Amino acid sequence: MTGNVVDELGRRRRGLVLLAELVRVTTRRQVDRLLARGRLIPVRRGVYRCAGVPESWELSVLAAVLAAGQDAVASFR
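Residues numbered from 1 in each chain as written. Predicted model: local features only at pLDDT ≥ 70, side-chain atom pairs only at ≥ 80, totals over all residues. Heavy atoms only, no water.

To continue, consider helix α4 (residues 57-68). Between its first and last C-alpha atoms α4 spans 17 Å; for 12 residues at 1.5 Å apiece the expected length is 16 Å, and the two agree. Here α4 has its buried residues at Leu59, Ala63 and Val65. In an axial view of α4, the angular spread of the buried residues amounts to 165 degrees, which keeps them on one side of the axis. In α4, the exposed positions angled more than 90 degrees off the buried face are occupied by Trp57 and Ala68. Gly69 sits one or two residues past α4 and shows a positive phi near 120 degrees. (Helix = DSSP H or I, 4+ residues; strand = E, 2+ residues; numbered from the N terminus. Expected span 1.5 Å × (residues − 1). Buried < 20%, exposed > 50% of the residue type's maximum accessible area, 1.4 Å probe, protein only. Arc of directions from axis to C-beta.)

Okay, structure coming up:
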């Protein structure tokens, strides 16, 4: 069940999920298990990449913006 929830959340943001989202739908212990099993990969503080989603610079920028908070943006410069 938890894996399906993670996959669904990941589809919203190119395979990235926020810890804040995860703890609303599952427990912190289940999140820790997903990390231990490699289903989630830490990218930034509070931001995880779903296993199987390839790394890219775009994903890295999106993760940085998500980690920085609601008012954060990225620019081309």
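With that out of the way, let us pick up the sheet that holds strand β3 (residues 47-50). One open sheet accounts for three strands, arranged β1-β3-β2; its pairing is antiparallel. Every other strand in the sheet has two partners, leaving β1 (16-18) and β2 (40-44) as the edge strands with one partner each. Going across the sheet, the axis of each strand differs from the next one's by a mean of 40 degrees, ignoring polarity. The pairing of β1 with β3 spans three bridges and is classified as antiparallel. Note on β3: the bridge partner recorded for Leu16 is Arg49. The sheet strands contacting helix α3 (residues 28-36) are β2 and β3, and the helix crosses β2 at an angle near 95 degrees. (Pairing = 2+ DSSP bridges. Axes fitted to C-alpha atoms, helices over the stretch in contact; angles between N-to-C directions. Contact = heavy atoms within 4.5 Å.)

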